[in-house]
Amino acid sequence: MFISEDEFKFDWYRAGVDESIDSVLSVIVRNLDDGRLSDMLDIEPCKSLHNYDQTVKITNGHVVYARCAWGGNTGNAVYVEATGSNAPLMAECLRKHFTHNHYVMRCDSALDLRGYPDSFDRLAEALGRLCAQININTENRGDWSTGRKGRTLYLGSRTSDAFLRFYEKGKQLGGADDWLRFEVQAQPSKMDKKMALAYMSPFQVFASCKIGQAVLGMLGLEPDIKAISSEERERTDKDRALRHMIKQYANTLAYFAKRDENFYQWLAEEIDINKTA
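As a starting point, this report considers the structure included with it.

The rules we used
- Residues numbered from 1 in each chain as written.
- Predicted model: local features only at pLDDT ≥ 70, side-chain atom pairs only at ≥ 80, totals over all residues.
- Heavy atoms only, no water.
- Axes fitted to C-alpha atoms, helices over the stretch in contact; angles between N-to-C directions.
- Helix = DSSP H or I, 4+ residues; strand = E, 2+ residues; numbered from the N terminus.
- Parallel < 35°, antiparallel > 145°, perpendicular 65-115°, else oblique.
- Left-handed = near helix turned anticlockwise from the far one by under 90°.
- Contact = heavy atoms within 4.5 Å.
- Nonpolar A, V, L, I, M, F, W, Y, C, P; charged D, E, K, R; others polar.
- Pairing = 2+ DSSP bridges.
- Buried < 20%, exposed > 50% of the residue type's maximum accessible area, 1.4 Å probe, protein only.
- Core = buried A, V, L, I, M, F, W, Y, C linked by side-chain atoms within 4.5 Å.

### Things to note about the packing of helix α3 (residues 120-133) against helix α7 (residues 210-218)
And then number 1: In the contact formed by α3 and α7, the axes pass within 11 Å of each other and the chain directions differ by 125°. What the angle tells us is that α3 and α7 run oblique. Seen along the crossing, α3 lies across α7 with a hand that is right-handed. Residues L123, A126, L127, L130 and C131 of α3 touch α7, and the partners they reach there are I211, A214, V215 and M218.
And then number 2: Class assignment for the residues of the contact of α3 with α7 results in nine nonpolar, no polar and no charged.

### Thoughts on the pairing of strand β4 (residues 63-70)
The two faces of a sheet get side chains in turn, since along a regular strand they alternate between them.
And then number 1: Pairing analysis gives seven bridges linking strand β3 (residues 54-60) to β4, with the strands arranged antiparallel. By the bridge assignment, N60 is partnered in β4 with V63.
And then number 2: Pairing geometry for β4 and strand β5 (residues 78-83), over three bridges, is antiparallel. Of the residues in β5, the one forming a bridge with A69 is Y79.

### Focus on the pairing of strand β8 (residues 151-155)
And then number 1: Most of β8 sits inside the fold, with five of its five residues counted as buried.
And then number 2: The alternating pattern of β8 places R151, L153 and L155 and T152 and Y154 on opposite faces, both of which are buried.
And then number 3: In the sheet, strand β7 (residues 138-142) pairs with β8 via five bridges, with the strands oriented antiparallel. By the bridge assignment for β8, R141 is matched with T152.
And then number 4: In this structure, β8 lies alongside strand β9 (residues 162-167), joined through four bridges in antiparallel fashion. Considered in β9, the bridge of Y154 is made with R165.
And then number 5: Here β8 folds back onto β9 in antiparallel fashion, the turn holding six residues, of which G156 has a positive phi close to 95°.

### Observations regarding the nonpolar core
And then number 1: Among the nonpolar cores identified, the biggest contains 34 residues, and Y13, V24, I28, C68, V80 and C107 are the most heavily contacted of them.
And then number 2: Secondary structure elements with two or more residues in this core: β1 (8-17), α1 (21-33), β3, β4, β5, α2 (87-97), β6 (102-114) and α5 (191-197).
And then number 3: For this core, the leading source of residues is α1, giving six residues.
And then number 4: Every residue in contact with C107, bar those within four places of it in the chain, is listed here: F10, W12, Y13, V184, Q185, A186, L197 and V205.
And then number 5: Grouped together as the second largest cluster of nonpolar side chains are 28 residues, C131, L153, F166 and F206 included.

Note that all results are geometric; they support no functional claim without further evidence.
See below:
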C-alpha cells in the first residue's frame, strides 16, 4: 500500500478572519471568479451559526461553497466555514489572501483508501491494538450490528484538541463498500494552535496529533511534520497585534498625519524612545 502526502486533503475548514465582512465576501467571490463562477453565485441569508448575529451562504444552485457569519458577542472576526469538496478551495483562498490574519477553529484532514474490499474489519482491529498500546480510548459508532449502513471507529476523545475517526465512507454515502477514510479532526482551544493550523498542509495537520502520527506509522508513512517555531509564532502574533492596533487607531493617526507632514517621522522617533528592551 503506497500512500503519498499529496493524497491527504481538507474535508472541513472553519476559520476566523480579522477583516470586515465586505472584504471577506469580496475576496471569496473574486476567488471563485477565477473559476468563472461569479455570474452564477448568490449570497443568501441563512440560519445563524453559533452566537453570530448574521449568517450568509455563498451558493450556486444547490452547491454551498461557504458560509460566513459575523456580529454578536463573538468579537470582530468573520467566521468562514466550508465543507466537503469546497473545503480545499476555501482553505487555499483564505491562506492566499489572509495569510497572517486568519486562524483555524476546525479543520479535518482526510485520507481515502479505495479498492480494498473487506478491509475495514482488519484495519479496525489493528487500530484497536494500536490504541491499546499508546493508551488512547476508542468508541464505536454507526451500524456495527449489520454493517450495511456503515461503521465508524473513533480514536481519542471527541472533546480534545484533535482526534481521529476511521469509517466506511462509501457506505455512509450509500455507495461502494471499498471506500474507507481516515480523518483527523483538529479543533484546538488555544489561539496559538489555531494560528499554527493556518500554515499546515493537510498531511501536517494529520501528523500534528499523537494518534495521527501513530496511524501514519502503522500505514508506513514517517510523520515528518515541520512545526512552526516559537520565533515564527511570535512574529505572527506581533503581525496580528499590529493590524489590530492600526484598525483601532487608524482615524487618529490619519488626523495627525494630515495636520503635520512630519508626523510619521515623529512617531517613529517616539516609538524608538519608548520601546522596552
